[in-house]
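Below are the chains, spelled out letter by letter.
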Amino acid sequence: MMNDSLFSLVCAGEIFELKAELNSDKKEKKKEAVKKVIASMTVGKDVSALFPDVVNCMQTDNLELKKLVYLYLMNYAKSQPDMAIMAVNTFVKDCEDPNPLIRALAVRTMGCIRVDKITEYLCEPLRKCLKDEDPYVRKTAAVCVAKLHDINAQLVEDQGFLDTLKDLISDSNPMVVANAVAALSEIAESHPNSNLLDLNPQTINKLLTALNECTEWGQIFILDCLANYTPRDDRESQSICERVTPRLSHANSAVVLSAVKVLMKFMEMLPKDLDYYGTLLKKLAPPLVTLLSAEPELQYVALRNINLIVQRRPEILKHEMKVFFVKYNDPIYVKLEKLDIMIRLASQANIAQVLAELKEYATEVDVDFVRKAVRAIGRCAIKVEQSAERCVSTLLDLIQTKVNYVVQEAIVVIKDIFRKYPNKYESVIATLCENLDSLDEPEARAAMIWIVGEYAERIDNADELLESFLEGFHDESTQVQLQLLTAIVKLFLKKPTETQELVQQVLSLATQDSDNPDLRDRGYIYWRLLSTDPVAAKEVVLAEKPLISEETDLIEPTLLEELICHIGTLASVYHKPPSAFVEGSRGVQHKRLPGSAGSGESVESPDTGSAAGVSEAPPAVIPSQGDLLGDLLNLDLTPPTTTGPPPPSSGMQMGAMDLLGGGLDSLVGYLHSTMGAGFGAPPAAMPASFTAPVSGGLDDLFDLGGGVGMPMGAYSPPKTVWLPAMKAKGLEISGTFARRAGVIQMEMTLTNKAMSVMTDFAIQFNRNSFGLAPAGPLQVLTPLSPNQSIEVTLPLNTVGPVMKMEPLNNLQVAVKNNIDVFYFSCQYPISMLFVEDGKMERQVFLATWKDIPNDNESQFQIKDCHLNSDAASNKLQGSNIFTIAKRTVEGQDMLYQSMKLTNGIWVLAELRVQAGNPNYTISLKCRAPEVSQCVFQSYEAVLKN
């Protein structure tokens, strides 16, 4: 035991005194001197000058003194590497000491000294200690391998220590097994593809045997290792679960959570109709409930983990609702977490109990907690339909309390209830309107405005209510301004004659007096919609709203699976994958649950339904690329009137009227007449000149056009292997893209090179540059037998979610079958996106070419092409690249061409063909120059094939 007096060394000559004491012949004096050195080192004094003298004290049989010297060495070896070499001989000698404690101490200290020169000498002693007769030495040496691997990975592999470490998993001593597993797991984290922990049934059996006898931390290491194993079948899964279940009653909460993690993973493999499955569900509840009797900090960790478990398997704790009722002395962070779990467990059976509790919580003094409780009542109404009426009644009672923040939260959740149950509870609107003046929070004001706008026809003074908000329009938050703009436009479409001035006022405020681009854009969109096509305006603004989902705050399924695999770690407390908060390469390996037994489905597998499911594709399944700001659909939205062909819609020609200068005056009379007749057909087209007169140096080229022959068929590239069998457990996918009769198609050949039958195919795309998505499910009508191939054609549309990819035409695909989910990337030729109406009028082409900045022009060379200009034009027209004009200058044919992408982006081209010269020159102009490279590649592919 160190004396406090050791820490009070302040003399200037103390280093000299210590030096003398360290070289004393008396053992006791020497030991006291080393203690003083360690004490000085602990309080931050520099005692490195005593390094040689302390090292001399290593030659002793006294274990306490040796430990102190080793502690000093670990601290100063890095700053004195040359002198640390002096200690190597003693380390090597101590590794062969008869006392196992000294042998273990020596090898542990050598592993902690991060000096390259010492690691070279560590190999031989470490090899001996790994095979030492004493288990204490072996378990210490196992951890030392992991430390050495961190310093010099190559040395560990060359010396064969990893193989020795694997052998230790079969050791007779459970603590040696646990440390070997811990060391291998740590090494495997830094080398995720090394497959160091080659788990098989024999190894698993040894780990389960050691599990019963090792310390609690050893049990955690082994359980975490078991969680990485995938059983062969449900029988093996059940066997492992039976042997892990006793750990649920352990006193250490970390052991309990690690055991829960293993059981949650292996339950995926068990058939739900199995008796043992039900038994296991019952056994999981008590240990989780017990964790909630610990101190608040542990309770919080347990609650965060329970939150994940309940989202995955609510049936485990469905009868334990009372455990999550809030206690008066719970800290706020525990209260809020309990509240969240109560909502997740709410069902028709316990809703009365839950609502009574929540109503009680809404009268508490803690404002944050009260707000969450009121919001929870609304979530109950949305989740349990049978309770909705009771929830609305409870919320009305709370509104009558006139407590400001309670009223505001209640209004916010009632808006959501209206969205979930339209035309059911609108009778309460009058009560809500009574509290209009007390609303001062943006979310509550926005919710109230939404209610007034949505149900304007039922509220007699809706225009007065909205006008009262309009008085301080510029002082409102953006959320309120946007909602107010939409609500007044809704009111105008429902009552056009009474609200003309009001709508003109709000549109003027939004478009002319506002600096917010979101508000301004929405104002312009509404104004132009109302000015050009009132029928379309009504269809857009008053469209039927989709019902809101029951659980809006559930964790996305793929992320939930990964978090379940990390129960008991920080990831399960943060509810974020390790890659989100662990820097570097460690800990970022993505984990997932095995497929469910019997169904052949996995929670993260793509939806087998229509392309509607594609929009829900989680970014965690396929890593996202680029930036949403690069959304290509935003690149070419507002061309000048001379830069594109006249739109086919007659209504759009009304755009010639002054949209921002009182154009609504004449519109109101029109609206009144059409709405009075039940909102009939759109107005007759207004005569408007679309194309401005054009003149310039290029004018004459359109008089020299040559004839264009009959187009050939669209070019489709040959099939290539997208997903090799070795990466997809025997499933090989090769394919290509084609455009046939205006429909984009993905043509694939699925080949089964495995030994088992494949069924239940589904496909899903990640977000991509042009919104490509399946137009229907993947139709594989018969099971795919071993060595069988099948041709599949998948029609695509371009209404999926958009995100700029790198390269632009990259497509990330997930394919699921009864075996697993597989991912691959492929690139589609951009010519598949050229639409059939991509031929510009000559005058429009000329004006557009001039209007696009020269900086947007790209020039490319197409080499080794032996077609004449007419043949080239023919071939290109088959892929919807249209020749608008042709002229010949000094023996060189110049083709002027246009094409239009599915998202409305126009690309203009000038192709130069010189007779006898196999190299063509192509110039491309586009408002989105990013597409030029892909367009050039398509030109090259079409012309050369």
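Everything here concerns the structure above.
Because the structure is predicted, anything quoted here is derived from the model rather than measured. (Residues numbered from 1 in each chain as written. Predicted model: local features only at pLDDT ≥ 70, side-chain atom pairs only at ≥ 80, totals over all residues. Heavy atoms only, no water.)

Undergrad: An account of the overall build of the chain is needed here, citing residue identities and associated values.
TA: Secondary structure assignment for the chain yields 36 helices and 13 strands. Looking at the chain as a whole, 52% of its 945 residues are labelled buried. Counting contacts in the chain only where the partners sit at least 6 residues apart, residues at least 24 apart contribute 69% of the total. Working note: accessible area of the chain is about 42600 Å², and carbon and sulfur atoms make up 51% of it. (Helix = DSSP H or I, 4+ residues; strand = E, 2+ residues; numbered from the N terminus. Buried < 20%, exposed > 50% of the residue type's maximum accessible area, 1.4 Å probe, protein only. Contact = heavy atoms within 4.5 Å. Areas by Shrake-Rupley, 256 points an atom, 1.4 Å probe, with all protein chains shown as cover.)

Undergrad: Could you give an account of the pairing of strand E13 (residues 920-926), naming the residues involved and the relevant values?
TA: Working note: regular strand, side chains alternate between the two faces of the sheet. In terms of burial, E13 is largely enclosed, as 7 of its 7 residues are buried. The alternating pattern of E13 places Tyr920, Ile922, Leu924 and Cys926 and Thr921, Ser923 and Lys925 on opposite faces, both of which are buried. Here 6 bridges tie strand E9 (residues 857-862) to E13, and the two strands are oriented antiparallel to one another. Residue pairing for E13: Ser858 is matched across the bridge by Leu924. Adjacent in sequence and paired antiparallel, strand E12 (residues 906-914) and E13 are bridged by 5 residues, among which Gly916 carries a positive phi angle near 85°. (Pairing = 2+ DSSP bridges.)

Undergrad: Outline the packing of aromatic side chains, supporting the account with residue identities and numerical values.
TA: Counted according to the given criterion, the structure contains 12 aromatic pairs. When the centroid spacing of 6.0 Å and the interplanar angle of 20° are considered together, the rings of Trp722 and Phe824 count as stacked. Of this pair, Trp722 sits in strand E1 (residues 720-723) while Phe824 sits in strand E8 (residues 821-827), and the two are 102 residues apart along the sequence. By relative accessible area, which is 6% here, Phe824 ends up buried. (Phe/Tyr/Trp six-rings, centres within 6.5 Å; stacked < 30°, edge-to-face > 60°.)

Undergrad: Tell me about the sheet that holds strand E6 (residues 789-797), and please be specific about residues and values.
TA: Taken in spatial order, the 5 strands line up as E1-E2-E3-E6-E5 in an open sheet, and their pairing is antiparallel. Each edge of the open sheet carries a strand with a single partner, namely E1 and strand E5 (773-774). Direction of pairing for strand E3 (residues 743-752) relative to E6: antiparallel, over a ladder of 8 bridges. Looking at E6, one finds that Leu750 is bridged to Ile790.

Undergrad: Please give an account of the packing of helix H27 (residues 478-494) against helix H28 (residues 500-511) that cites residues and values.
TA: Between H27 and H28, the least distance of the axes is 9 Å, while the angle of their chain directions is 150°. As judged from the angle between their axes, H27 and H28 are roughly antiparallel. Once H27 is placed against H28, the crossing between them reads as left-handed. Counting all contacts with H27, which are made through Leu485, Ile488, Val489, Leu491 and Phe492, the residues of H28 involved are Gln500, Leu502, Val503, Val506, Leu507 and Ala510. (Axes fitted to C-alpha atoms, helices over the stretch in contact; angles between N-to-C directions. Parallel < 35°, antiparallel > 145°, perpendicular 65-115°, else oblique. Left-handed = near helix turned anticlockwise from the far one by under 90°.)

Purely spatial values, then, with no claim about function.
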